[in-house]
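Report on the structure
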Amino acid sequence: MKRLVLFLFILTLCAVFFYKVDRMRHTQPMPVKLLLLPSKQMTRVISFGYRLLASQLIFYNSMFFVGSLDSPPTVPTYQELFHTLDTVTYLDPYNMDGYYFAQGLLSWNRSFIEPLNSLLLRGMSYRKWDWYLPFFYGFNQFYFLKNPKKAAPYLRRAYRLNPENEFLPTLIARLYYQGDETRAAIDYLEEMSRTASSKNLRRWINVRLRALRTVLFLEEAMERYEKRFGRKPARLEELIAARILRAIPPDPYGGKFYLDAKGRVRTTSNFAFSRQGSAKKKRSSASIFK
């Protein structure tokens, strides 16, 4: 009898305890904490052969932690998150979630762009079919790091992996041009014009190709001017005065070519049709290369 009473008493205490814990869990949820990990090499050792499982569990912890934050992460928190995602992709270099989450999380903090790009390079060396990774890397280079010359080859790789991204060829050519590689931009677009399966894409490529050929024509004229006079022209009109050119060629986008403060050939159209009258220009551009 005494044993039965003692058992019922303990059972009642347990019921009260778990009831209290459940109430506290709903009224005061425990905060999610980011795992404090050792080095990625040590983490791989202590995963005891279950590195893929460890990679995914660590990733979920980082994702839930970020989702629980009420304000943007501080710099020390960003550092811990980078270490976490670096560990995730080190344990499992094929972990798609780790790379995509890192791009979305770390790319908007300028000081973490280079570390982020190192993760993307790791991913590209394993996930060779994934066009997102070279696209992310190229985007980071030209948008955040202002390095169009380095961005172009990676966006070119992304396009090769997924040719359905029809906006990329003209963007890639623009980046080559901005990186002082006008000839490379032309060579690339000539290749794309020959292989493009879409007539609409080929039309836009040919318009950009004509504009860049004009830029190259002007750059070569400037080289002849510099060779003759020992200095670069300050304005394109000086090429006409020196009888190197008869006139400044037109911009197929409807703008006007000029020299910027650094002596680079630019156009007021910025290689894009204006909104006003763009439909008319688009129709006329289709006949440029007939």
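These notes cover the structure that comes with them.

Criteria and thresholds
Residues numbered from 1 in each chain as written. Predicted model: local features only at pLDDT ≥ 70, side-chain atom pairs only at ≥ 80, totals over all residues. Heavy atoms only, no water. Helix = DSSP H or I, 4+ residues; strand = E, 2+ residues; numbered from the N terminus. Buried < 20%, exposed > 50% of the residue type's maximum accessible area, 1.4 Å probe, protein only. Axes fitted to C-alpha atoms, helices over the stretch in contact; angles between N-to-C directions. Parallel < 35°, antiparallel > 145°, perpendicular 65-115°, else oblique. Contact = heavy atoms within 4.5 Å. Nonpolar A, V, L, I, M, F, W, Y, C, P; charged D, E, K, R; others polar. Polar contact = N/O pair within 3.5 Å; in protein donor to acceptor, adjacent residues only side chain to side chain. Salt bridge = Lys/Arg side-chain N within 4 Å of Asp/Glu carboxyl O.

1. Quick word on unusual backbone geometry
- For Phe48, which is not glycine, the phi dihedral falls at a positive 55°.
- Position of Phe48 among the secondary structure elements: in the loop between α2 (40–46) and α3 (51–68).
- Its relative accessible area of 67% is what places Phe48 among the exposed residues.
- If you check the backbone angles, Asn270 has positive phi at about 55° while not being a glycine.
- Given a relative accessible area of 47%, Asn270 falls into the partly exposed group.

2. Quick word on the packing of helix α4 (residues 75–91) against helix α6 (residues 113–126)
- Close contact between α4 and α6 brings their axes to 11 Å; oriented N to C, the two are set at 10°. The angle between α4 and α6 places the two elements in the roughly parallel class. Contact with α4, carried on its side by Phe82, Leu85, Asp86, Thr89 and Tyr90, involves Pro115, Leu116, Ser118, Leu119 and Arg122 of α6 and no other residues of that element.
- Here the residues of the contact of α4 with α6 are counted per class, giving six nonpolar, two polar and two charged.

3. A short note on the side chain of Glu238
- The residue Glu238 is located in helix α12 (residues 237–241) in this model.
- Polar side-chain contacts of Glu238 include one of 3.2 Å to the side chain of Arg231.

4. So, the pattern of salt bridges
- All chains considered together, the criterion is met by 11 salt bridges.
- For the salt bridge of Asp86 with Lys40, the shortest nitrogen-to-oxygen distance reads 3.2 Å. Taken as a pair, Asp86 in helix α4 and Lys40 in helix α2 lie far apart in primary sequence, 46 residues in all.
- For Lys40, a relative accessible area of 18% puts it in the buried group.
- Two residues, Arg156 and Glu191, come together in a salt bridge whose shortest N-O distance is 3.0 Å. Of this pair, Arg156 sits in helix α8 (residues 148–161) while Glu191 sits in helix α10 (residues 182–195), and the two are 35 residues apart along the sequence.

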